[in-house]
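Take a look at the letters that make up each chain.
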Amino acid sequence: MTDFSYRWRDPVTDDEMSDLVRSHGGQPEPGWWNGIRRFSLGWVTARDTAGTLVGFVNVAWDGGDHAFLLDTKTRGTHQRRGIATAVVRLAVTHARAAGCEWLHVDFVPGLRSFYFDACGFRPTEAGLIRLTGSGS
Ligand SMILES: CC(C)(COP(=O)(O)OP(=O)(O)OC[C@H]1O[C@@H](n2cnc3c(N)ncnc32)[C@H](O)[C@@H]1OP(=O)(O)O)[C@@H](O)C(=O)NCCC(=O)NCCS
């Protein structure tokens, strides 16, 4: 982990974000990051010694007590080295420092161990409605 630097609100270009998404097998939407970042309380980056973006998490915000952890990502070649755990830890620190009382997250069942055990979230009841398409 000492090979990586972790920063809050470090500038990230849309192209860097697309490259990171592609690296873990995702399909980037060009312009996505440029469009949403103004709604963030902040975000955490992890970069290697060459400056390449290897990890990311976004923290959205209601402007008050609630922050929302979104889009945790680690470069495909760098996974299972503790990077996402470290970016989430720094996001927690900054959301707390900003005065937020709660940090929410949701995820697929396969990532329970990551969010509960590695990152320290606790289970709670939550609800979700899909607002597009015909499914729920
Ligand atoms: C999920 C993701 C962010 C994890 O990043 P990472 O840097 O590899 O995570 P860490 O190395 O900090 O993992 C810490 C622990 O969490 C658990 N964990 C991490 N990734 C996991 C996975 N894919 N499945 C199950 N458990 C996982 C493990 O217990 C791991 O410890 P271990 O490596 O000693 O077994 C990464 O796999 C990723 O970018 N996936 C694609 C995008 C995605 O699905 N993001 C989630 C959005 S909710």
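Conventions we followed
- Residues numbered from 1 in each chain as written.
- Predicted model: local features only at pLDDT ≥ 70, side-chain atom pairs only at ≥ 80, totals over all residues.
- Heavy atoms only, no water.
- Buried < 20%, exposed > 50% of the residue type's maximum accessible area, 1.4 Å probe, protein only.
- Helix = DSSP H or I, 4+ residues; strand = E, 2+ residues; numbered from the N terminus.
- Arc of directions from axis to C-beta.
- Contact = heavy atoms within 4.5 Å.
- Pairing = 2+ DSSP bridges.
- Phe/Tyr/Trp six-rings, centres within 6.5 Å; stacked < 30°, edge-to-face > 60°.
- Expected span 1.5 Å × (residues − 1).

**Regarding helix α1 (residues 14-23)**
Among the residues of α1, D14, M17, S18, L20 and V21 are the ones counted as buried. For α1, the angular spread of buried residues about the axis comes to 160 degrees, placing them on one side. Turned more than 90 degrees away from the buried face of α1 sit D15 and R22, all of them exposed. Along its buried surface, α1 packs onto α2 (32-36), β3 (53-61) and β4 (66-74). Looking one or two residues past α1, G25 carries a phi angle of roughly 90 degrees, positive in sign.

**Focus: the pairing of β4**
A regular strand carries its side chains on alternate faces of the sheet. Bridging between β3 and β4 involves 6 bridges; their strand directions are antiparallel. Residue pairing for β4: V59 is matched across the bridge by L69. Relative to strand β5 (residues 102-104), β4 runs parallel, the two being bridged by 3 bridges. Bridging from a neighbouring strand, F68 pairs with H104 of β5.

**Overview of the packing of aromatic side chains**
Here the structure, examined in full by the defined rule, presents 7 aromatic pairs. Taken together, a centroid distance of 5.4 Å and an interplanar angle of 80 degrees make the contact between F107 and F116 edge-to-face. The class of F107 is partly exposed, set by a relative accessible area of 24%. Given a relative accessible area of 18%, F116 falls into the buried group. Arranged with centres 6.0 Å apart and planes meeting at 75 degrees, the rings of Y115 and F121 form a pair that is edge-to-face. Looking at Y115, the relative accessible area reads 6%, which means it is buried. Within the aromatic cluster, the residues linked to one another by ring pairs are F107, F114, Y115, F116 and F121.

**Regarding helix α3 (residues 83-97)**
The end-to-end C-alpha distance of α3 is 21 Å, a good match for the 21 Å that 15 residues give at a rise of 1.5 Å each. Those residues of α3 lying buried are I83, A84, T85, A86, V87, V88, A91 and A95. In this fold, the buried residues of α3 make contact with β1 (5-8), β2 (40-47), β3, β4 and α4 (112-118). G99 sits one or two residues past α3 and shows a positive phi near 95 degrees.

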